[in-house]
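Listed here are the chains, written in short residue letters.
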Amino acid sequence: MTATAEPEIGRARLRKEDARLITGQTTWTDNLQLTGMLHMAVLRSPIAHARITNIDVSRATSMPGVAVVLTGEDFAAEQGSLPCAWPITEDMKAPPAPALAVGQVNFAGEAVALVIADSAYRAADALEAIDIDYDELPVVLDMEEALQDNDLVHADLGTNKCATWIFDSAEAGAGTNVEDEIASAEVVIERTFKQQRLIPAFMEPRSVVVAPAAGMYTVWSATQIPHILRWMLSAVTGIAEHKLRVIAPDVGGGFGGKLQVTPEEVLCLLVARRMGRPVKWTESRTESMLSAHHGRDQIQKLTLAARRDGTVTGLKVELLADMGAYLRLVTPGVPILGAFMFNSIYKFAAYRFVCTNVFTNKVPTDAYRGAGRPEATFAIERMMDELAVELGMEPMKIRELNWIKHEEFPFNTVAGLTYDSGNYEAATARAMELFGYEELREEQARRRAAGSVVQLGIGISTYTEMCGLAPSRVLGALRYAAGGWETASIRMLPTGKVEVITGTSPHGQGHETVWSQIVADRLGVPFEDVEVLHGDTATSHKGMDSYGSRSLAVGGTALVHAAEKVLAKARTLAAHMMECDESDVEFAAGSFSVRGTSTVRTLGDVVLAAHVAHDLPEGMEPGMDADATFDPDNFSFPHGTHLCATEVDTETGMVRISRYVAVDDVGTVMNPLIVDGQVHGGLAQGIAQALYEEATHDEMGTLTTATFADYLVPSAADLPAFLTDRTTTPATSNPLGAKGVGEAGTIASTPAVVNSVLDAVRHLGVRDIEMPMSPERVWTALQGRPDEGAGEVAAGGLGSIDAQGGQS
Amino acid sequence: MIPAEFKYLFPSTVDEAVRMLAEEGEDAKVIAGGQSLVPVLRMRLAAPTALIDIGGLTELTGVRDDGDSLLIGAMTTHYEVQRDHLIHDHALLLKLVTDTVADPQIRHRGTFGGSLCHADPAGDLLAPALALDAVMIIAGPGGRREVPASEFFVDYFTTALAPDEILIDVRVPKFTGWGAHYEKLNRVAQAWSIVAVAAAVQVSGGAISAARVGLTNVGSGPLRAFEVEAALVGQPASAEVISEAALRASAGDGYKDNLARVLTGRALTAAVAG
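Worth saying up front: this structure is predicted, and the values here are computed from it rather than measured.

The next subject is the overall build of chain B. For chain B, the helix and strand inventory stands at 12 helices and 14 strands. The globule rule puts the C-alpha radius of gyration for 274 residues at 19 Å, and the 19 Å found for chain B is close to it. Taking the principal axes of the C-alpha coordinates as reference, chain B spans close to 60 × 40 × 30 Å. Burial status across chain B gives 55% buried among its 274 residues. Pairs at least 24 apart in sequence give 59% of the contacts found in chain B among residues at least 6 apart. Entry remark: accessible area of chain B is about 10700 Å², with carbon and sulfur atoms responsible for 51%. Taken together, the 22 basic and 33 acidic charged side chains of chain B have centroids lying 5 Å from each other.

The structure is reproduced here in structure tokens:
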């Protein structure tokens, strides 16, 4: 065994998983074909709120190939309630959440009946033959109206208010009283922002296969969370956990959208148990958009108190957060994750956060890339610009005046967190230099003076995020039902090859590559000699899965600890083999040696000796495997400065990003190629919120953006070449120095774009434009007309076909 | 998503296709490149009882020189239109418009004739077909007939094609040496136009001798901007003339009206320059 020539950590390796992913050599869940497999199709309510008065399945049942048609009544006794793992307050209202509606539907897209047939085609055909009578109820869509409680989503709850969650810096002892600061402020700025509803548009649709075998159930699911899913499926259905095996095979994206225990997962399991045969369900894109959880959807009321010199003294945040019709896995907690981030990188004296969660007749919301933190970052970065405008100050100066200086770390924030490290000055200086900030300001001035049709705007977003979810004790304090640790195992095979088992569950991130790099460096084995196993509860029996930029900071650390255990044991055995004192053993480049001699044993020699166990030290167990579980003491806090230049066509309202610079500090980088990829994808999603994506409903509560013709996901053709760079301030909370990078781009970019567009047109009298900043909205704002929001012009396409009632 | 059950037929001649269409009745549908029809089938927005796939009718592909005009086979793909030298030389506007249609995959499958028959008012090819006085050559049980574009596009997703007819060729007069431009505003690259303007201009001796302007997605079908054209002909090819003429693209004060005017001005400016 030889050592790798250059350190693996920091090396821009191509991802080892990509070859199979992009050449059709993997098995996605939908590719599974099992003998005797049945296919499940789901009939979904076309109505947002109604009592189900009758379901007639007789026609559907007699159709060719149909095994059975099932309704909520059939499962009423066994389906339980879909889990919500985050009851944020003691008095939170949580309605029962059946996988299949029983008696009432509460959002358009809710599952009301199942067809189980011998092919997916026949199952889909029979859906059309199910007759359901609905008695329509008033539809609750608007959060502010919902809080009037005139019409109720869940009559039994007596209110549409789910919960109110409060953080107050004065009460927490983390700062002063915000009302005092507002009362004594020289400047008070109040603004209301809308975080539109988004749909996590993962590439691989959700898919589930369940195979029953003699009381055991194997569940394949395109999920981010196989371990949590196993636990929750057991809790919901009563099937003993040790009789469930959950496998997340290669999974094609999630972005939080697959951080869920879905109705269809529960139903496939129940159907497989009932039928004694394997069952598959794979959704269509429209089904995904109608029923998989959505993201964002908040109304943010902000009050910022400041002095005339630009010092911010207090921030009050009053949120309304749309839960949709039910509480899914972490629905109520998503806005709470933002509670700690509204103060961002700044030193505010006072802070108060009040979030009211509201039920409406819409698809439930839940985690979507950033989950609470993009909303918070957007709000504060917009407010810092508003303050700069109010005071006539340069927006970067306002930020600089208020941010935590690099020598002030570790820093206890007004929201009660301790930021371990950071250097906002360095990231900002690098970003300004790459961007050509001064030159662009000059160009902007020229265009303004000339009254150019295309105006230039510059937008700033300085951000931090809490990543590495999460210290278990903090999750406990927040009433979250699980812990935040992660686990890893290393199996040293007799030939010297290495198997790594991780409790993280990659779905596009590249863990196989990076975990291999970490192990190769730590153990001095070739990168190619490491295989990473994940996503199968039979091989990795415990784990907390992947979300919240946690996998490397928490799971990678567990892996480092496992490697340390392997080396510790190997060192003891090596000393025994070389007949020396353990303190004289040195380890370098994959070999043990006796200090000052030429005696050497490679790790492979030692592993083999451990495996054959012919001559082990007294009391040593055979084998050279190790497990480690790591529970972080603190979050990690990536930060950075993003700068965005936009060109706004004042005649058409079209926005084009002309330059985008992202300088991120994500701590020590394991693989720069993967980090760049995460940043690029994150930027695309954050920019999409600013400019393109929005889930909209008609007044009946029907989703009007249920295809990719109507829900505009940008492609590479719509995005600029990103200029990315990094500063490196290692995290102090883990031995890798890693902070996490999965969400940074999304969190930072939305306000950078919006600030930039407003900066381009503010001198023309525009104060705000709602997201997404469509050309029509921008043009309407430029005409000085009120934005009527829903009055978007049809841009043609499939949506317009539907609206026109069919085609020729 | 899964379409409803249908019968699939694969004729080898136009006459056979026409016969099949007659036999299968009103609920049969011709499928060309399938780039509009297949999504509609998969979403079950349409459920034809039979699909007659004219993908095997090689006689319907390609562009031919027919003296004063070009004949474009209905099954010619967008990709082929983009690269055809006859189109480039004599109907440059069609090439420039086709360059903006959807994405490369769709342009390899989607067809010139299929787009016209689908008659999506946001479809890119309708406005230039109208502006260039294209003529649809249609096969039906009674033989062939010709319908000018001005009569072919009837309403949203509705054409003058009878249920038992098939578009086989499109005759486009030659516009040799004309400048052309397609100014399209869409939110993302693969999205349909909010509004787009197709312009072709003949300039001689610094003056505009002829002009054609078609508007995409402003009405229930493509619109020809006759007033704009009239304001240009005989005038110098100047910025002033173009700006004044472009104001006649629409009279309203809505967003799309504004786009019609702005994009017409831009399309004409580029067409004159090019």
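More follows now that the structure is in view.
Turning our eyes to something else, we now look at a nonpolar patch on the surface. Where nonpolar side chains cluster on the molecular surface, the patch consists of Phe 6, Tyr 8 and Phe 10 of chain B and spans about 310 Å² of accessible area. Inspection of the secondary structure puts Tyr 8 of chain B in strand S1 (residues 7-9).

What follows covers the packing of aromatic side chains. Going through the model one piece at a time under the given rule, you end up with 20 aromatic pairs over all chains. Considering the side-chain rings of Tyr 346 of chain A and Phe 348 of chain A, the 5.6 Å spacing of their centres and the 15 degrees angle between planes classify their relative orientation as stacked. The pair Tyr 346 of chain A / Phe 348 of chain A is uniform in exposure class, with both members buried. Between Phe 175 of chain B and Trp 178 of chain B the ring centres are 4.8 Å apart and the planes differ by 90 degrees, which places this aromatic pair in the edge-to-face class. On the basis of relative accessibility, which here comes to 7%, the residue Phe 175 of chain B falls in the buried class. Note on Trp 178 of chain B: relative accessible area 13%, which makes it buried. By the ring-pair criterion, three or more aromatic residues cluster together here, those being Trp 165, Phe 167, Phe 340, Phe 342, Tyr 351 and Phe 353 of chain A. Looking at Lys 16 of chain A, its charged tip hangs above the ring of Phe 527 of chain A, at a distance of 4.7 Å from the centre.

Here the focus is a negative patch on the surface. Judged by side-chain charge, Asp 142, Glu 144, Glu 145 and Asp 151 of chain A come together as a negatively charged surface patch. If you trace the backbone, Asp 142 of chain A turns up in the loop between strand S6 (131-136) and helix H5 (143-146).

Quick notes on the rules
Residues numbered from 1 in each chain as written. Chains lettered and ligands numbered in written order. Predicted model: local features only at pLDDT ≥ 70, side-chain atom pairs only at ≥ 80, totals over all residues. Heavy atoms only, no water. Helix = DSSP H or I, 4+ residues; strand = E, 2+ residues; numbered from the N terminus. Rg over C-alpha atoms; globule rule 2.2 N^0.38 Å. Buried < 20%, exposed > 50% of the residue type's maximum accessible area, 1.4 Å probe, protein only. Contact = heavy atoms within 4.5 Å. Areas by Shrake-Rupley, 256 points an atom, 1.4 Å probe, with all protein chains shown as cover. Lys, Arg positive; Asp, Glu negative; His and termini not counted. Charge placed at Lys NZ, Arg CZ, Asp CG, Glu CD. Patch = residues over 30% accessible without salt bridge, like charges linked within 9 Å, V, L, I, M, F, W, Y side chains within 5 Å. Salt bridge = Lys/Arg side-chain N within 4 Å of Asp/Glu carboxyl O. Phe/Tyr/Trp six-rings, centres within 6.5 Å; stacked < 30°, edge-to-face > 60°. Lys NZ or Arg CZ within 6 Å of the ring centre and 35° of its normal.

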